[in-house]
Amino acid sequence: MENTKDLTEHSSRSEGNRGDSFGMFDGYDSCSEDTSSSSTSEESEEEVAPLPSNLPIIKNNGQVYTYPDGKSGMATCEMCGMVGVRDAFYSKTKRFCSVSCSRSYSSNSKKASILARLQGKPPTKKAKVLQKQPLVAKLAAYAQYQATLQNQAKTKSAVSTEGFNWGNYINSNSFIAAPVTCFKHAPMGTCWGDISENVRVEVPNTDCSLPTKVFWIAGVVKLAGYNALLRYEGFENDSGLDFWCSICGSDIHPVGWCAASGKPLVPPRTIQHKYTNWKAFLVKRLTGAKTLPPDFSQKVSESMQYPFKPCMRVEVVDKRHLCRTRVAVVESVIGGRLRLVYEESEDRTDDFWCHMHSPLIHHIGWSRSIGHRFKRSDITKKQDGHFDTPPHLFAKVKEVDQSGEWFKEGMKLEAIDPLNLSTICVATIRKVLADGFLMIGIDGSEAADGSDWFCYHATSPSIFPVGFCEINMIELTPPRGYTKLPFKWFDYLRETGSIAAPVKLFNKDVPNHGFRVGMKLEAVDLMEPRLICVATVTRIIHRLLRIHFDGWEEEYDQWVDCESPDLYPVGWCQLTGYQLQPPASQSSRESQSGSSKQKKKTKSQQYKGHKKMTTLQLKEELIDGEDYSFLQGASDQESNGSANFYIKQEP
């Protein structure tokens, strides 16, 4: 099913029939004649001033009401100011929306307080009697009061602790965001469809003096991930009231929703004078336009349901010892991201963040099945309520055939350093595990006991054949201490008596991912995976993306695969309720440390780790013998397809 609803099919009908067939004008009509209303009550016979001729007529559930009107149609509560259908109001006079408002009205002090509130003034002790006011005047004063409160609320909510707003950031710099379709693991990533500019939606009308929530139609001017820049219909090229919002938000509806829900469509106050027949205007403008599918909100809700639940047990990489895994328990799930607490953490603060599709987590028993190191837990039995995660919930890796020509220990390759994701390094296969998994070490910075090896699958997009960096003009990091520079693979292989891993064994699939250089997104800082930051794609090499964290130096960039579950569309944090880290300004970076050098040192220690220091720590902490190596299993599986891997691409 397409993700936008085409309204063209109705274009051949008459104007009146079109309104009915659209079902989107049932909540709106325009006023072509002057109207007036009056209010009578048992206490007062005072007349109400005539209504302005430009006030619209509102349809509600098929019945027409003038607004406001104290005698018939809509009524305004003289106590709280609520507007509603007159027949539903309390008492014969229909002056109050409820019994409580009627009783509260009888108190002189309350009456004085309400009048002062409606007039926007503080109540005085001398005010004892509520003087009668025309309903229109009351309504206008109340609307102004409500608008003031709403503006104050918006000001407070829009300014976060860091003062960052994606809409302002995109607009002020003319940035382009990566489309939602680039992120298959994100909500709506596989069913976003052809939602694009010029799609029409029904949204709350904030340019209105009415105290009740009314709606109007807006068109998408620009898309930035989940966020859309909207413009009310009728403003043409005037961008004065354009506003950003999440297209997946609860207040965004397909055209026709108001009619189906009995909600009023009211044109913005700024342009109310432009047309006398708004219905005809809408029919003309919306004929042939597209809107969201009727089940869009349902799809959003369904795409945000996640199979992982708290108390599930998994095996996950040990963040202090990458060579082994440990048992952890799912503490919470936010947008598919898991906060895992290592099972032995008594105060539940020793945690690790990753996405549920991350290659770093596995089902219980995975390490034993492939021969991977595993840290045995001191906990001899499961805690109450904890249970093993079903294996089918984890990301599947491609099946490989290890029976023929395959990776062997000692073969050389190039690999992204998991302790410094900004670099691709000279590496060696140190151990071949079952099911296509490999233990890899970075040349020149390995511990003798292999405690700093890390596990990649043979199809991982993070390992590359010898020469990949040179062909794609990427700086290759040579082994630490290697002095024969510039580094040449031919010389290095001869000096070490090694052979390069065959090119045909590497993953050569390059999907049509849709990313472009300069696109904005939200990305996990994998050196501190609890953080999601404002980021930019700065280079694209086949399926490999260079991610830059806005406001930080390039040395903190990270190489990430285009299908990484650690990349998200603009607006993902807002949609899921996750904390977004804004760009670091120069002043904020300097304020966090005494000097630029000190800042870099702090960042390196926290995120990347000094390799030698990390190696010593690994050596010391592994002496306790708590990690185990299991025997490898055997596998008889299919091989990968092939493609042209060596295609030179400009940086």
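Residues numbered from 1 in each chain as written. Predicted model: local features only at pLDDT ≥ 70, side-chain atom pairs only at ≥ 80, totals over all residues. Heavy atoms only, no water.

### Considerations on the overall build of the protein
Now for step 1: Looking only at helices and strands, the protein has 15 helices and 32 strands in total.
Now for step 2: In the protein, which comprises 651 residues, the share counted as buried stands at 51%.
Now for step 3: Sequence-distant contacts in the protein: of pairs separated by 6 or more residues, those separated by 24 or more amount to 63%.
Now for step 4: Roughly 31,400 Å² of accessible area belongs to the protein as shown, and the carbon and sulfur atoms make up 50% of that amount. (Helix = DSSP H or I, 4+ residues; strand = E, 2+ residues; numbered from the N terminus. Buried < 20%, exposed > 50% of the residue type's maximum accessible area, 1.4 Å probe, protein only. Contact = heavy atoms within 4.5 Å. Areas by Shrake-Rupley, 256 points an atom, 1.4 Å probe, with all protein chains shown as cover.)

### Things to note about the pairing of strand S16 (residues 351-355)
Now for step 1: A large share of S16 lies buried, amounting to five of its five residues.
Now for step 2: Residues Asp-351, Trp-353 and His-355 of S16 are buried on one face, and the alternating residues Phe-352 and Cys-354, pointing to the opposite face, are buried as well.
Now for step 3: Bridge count between strand S15 (residues 337-342) and S16: five bridges; the pairing is antiparallel. By the bridge assignment for S16, Arg-339 is matched with Trp-353. (Pairing = 2+ DSSP bridges.)

### Brief notes about helix H5 (residues 166-173)
It helps to recall that an α-helix has 3.6 residues per turn; residues three or four apart then point in one direction.
Now for step 1: Turning to H5, its buried residues are Trp-166, Gly-167, Tyr-169 and Ile-170. All buried residues of H5 fall inside an arc of 165° around its axis, so they share one side. Residues of H5 that are exposed and angled more than 90 degrees away from the buried face: Asn-168 and Ser-172.
Now for step 2: Looking at the buried residues of H5, the elements they touch are strand S8 (215-224), strand S9 (227-232), strand S10 (243-246), strand S26 (519-524), strand S27 (532-541) and strand S31 (580-581).
Now for step 3: At the N-terminal end of H5, a side-chain oxygen is found 2.9 Å from the backbone nitrogen of Gly-167, two or three residues along, and the residue is Asn-165.
Now for step 4: Just beyond H5, the residue with positive phi is Ser-174, at close to 55°. (Arc of directions from axis to C-beta. Polar contact = N/O pair within 3.5 Å; in protein donor to acceptor, adjacent residues only side chain to side chain.)

### Here we look at the side chain of Arg-546
Now for step 1: On the secondary structure map, Arg-546 appears in strand S28 (residues 544-549).
Now for step 2: Assessed through its relative accessible area of 14%, Arg-546 is described here as buried.
Now for step 3: Looking at Arg-546, its side chain comes within polar contact range of the main-chain oxygen of Ser-422, at 2.8 Å.
Now for step 4: Non-local contacts of Arg-546, meaning those with residues more than four positions away in its chain, are made with Ser-422, Thr-536, Val-537, Thr-538, Arg-539, Glu-554, Asp-557, Gln-558 and Trp-559.

### Things to note about the pattern of salt bridges
Side chains that carry opposite charge are capable of pairing whenever their charged atoms lie near each other.
Now for step 1: All told, the structure shown has 31 salt bridges when counted by the stated rule.
Now for step 2: A salt bridge links Arg-200 to Glu-233; the nearest nitrogen and oxygen atoms lie 2.7 Å apart. Taken together, the residues Arg-200 in strand S7 (residues 200-204) and Glu-233 in the loop between S9 and S10 connect sequence positions 33 residues apart.
Now for step 3: A relative accessible area of 11% places Arg-200 in the buried class.
Now for step 4: Judged by its relative accessible area of 4%, Glu-233 falls in the buried class.
Now for step 5: Within the structure, one salt-bridge network assembled from shared partners comprises Asp-318, Lys-319, Arg-320, Arg-324, Arg-326, Glu-344, Asp-350 and Lys-375. (Salt bridge = Lys/Arg side-chain N within 4 Å of Asp/Glu carboxyl O.)

### Remarks on the nonpolar core
Now for step 1: Counting residues in hydrophobic clusters, the biggest one holds 72 residues, and the most contacted among them are Trp-192, Leu-230, Cys-248, Phe-296, Phe-515, Ile-547 and Leu-567.
Now for step 2: Residues Ile-416, Cys-425, Ile-474 and Leu-493 belong to the second largest nonpolar core, which totals 39 residues. (Core = buried A, V, L, I, M, F, W, Y, C linked by side-chain atoms within 4.5 Å.)

### Here we look at the packing of aromatic side chains
To describe a pair of aromatic rings, one takes the distance between the centres and the angle between the planes.
Now for step 1: A full pass over the atoms with the stated rule returns 29 aromatic pairs.
Now for step 2: With a centroid separation of 5.1 Å and an interplanar angle of 75°, the aromatic rings of Phe-454 and Tyr-456 are classed as edge-to-face.
Now for step 3: Each member of the aromatic cluster is reached from another via a ring pair, and the members are Phe-164, Trp-166, Tyr-169 and Phe-175.
Now for step 4: Cation over ring: Arg-326 sits above Tyr-342, and NZ or CZ is 4.2 Å from the ring centre.
Now for step 5: A cation sits over an aromatic face here: Lys-520 above Phe-175, 4.0 Å from the ring centre. (Phe/Tyr/Trp six-rings, centres within 6.5 Å; stacked < 30°, edge-to-face > 60°. Lys NZ or Arg CZ within 6 Å of the ring centre and 35° of its normal.)

### Topic: helix H8 (residues 296-303)
Now for step 1: Listed as buried for H8 are Phe-296, Lys-299 and Val-300. Buried residues in H8, looked at end-on, bunch into an arc of 100°, giving them a common side.

### Description of the confidence of the model for the protein
Now for step 1: Residues at a pLDDT of 70 or more form 65% of the protein, whose mean pLDDT is 76.
Now for step 2: In this model residues 9-72 is a low-confidence stretch, pLDDT under 50, and it forms 134 contacts with partners more than four residues away in sequence or in other chains.
Now for step 3: Counted against residues more than four places away or in other chains, residues 593-651, with its pLDDT under 50, gives 127 contacts. (pLDDT = per-residue confidence, 0-100.)

### Some details on the environment of Asp-525
Now for step 1: Checked against the element boundaries, Asp-525 lands in the loop between S26 and S27.
Now for step 2: Along the chain, Asp-525 and His-548 lie 23 residues apart, while their C-alpha atoms are 9.9 Å from each other.
Now for step 3: There is a polar contact of 2.8 Å between the side chain of Asp-525 and the side chain of Gln-558.

### Notes on unusual backbone geometry
Now for step 1: With an omega of 0°, the peptide bond running from Leu-485 to Pro-486 counts as cis.
Now for step 2: Within the chain, Ser-174 stands out as a residue other than glycine whose phi angle is a positive 55°.
Now for step 3: Mapping Ser-174 onto the fold places it in the loop between H5 and strand S6 (176-177).
Now for step 4: Its identity is not glycine, yet Arg-348 carries a phi of approximately 60°, on the positive side.
Now for step 5: As for its placement among the helices and strands, Arg-348 is situated in the loop between S15 and S16.

### A look at the environment of Ile-547
Now for step 1: Structurally, the position occupied by Ile-547 is in strand S28.
Now for step 2: Residue Ile-547 is classed as buried on the basis of its relative accessible area of 0%.
Now for step 3: Once residues within four sequence positions are removed from consideration, Ile-547 is found in contact with Leu-521, Ala-523, Ala-535, Thr-536, Val-537, Asp-557, Gln-558, Val-560 and Leu-567.

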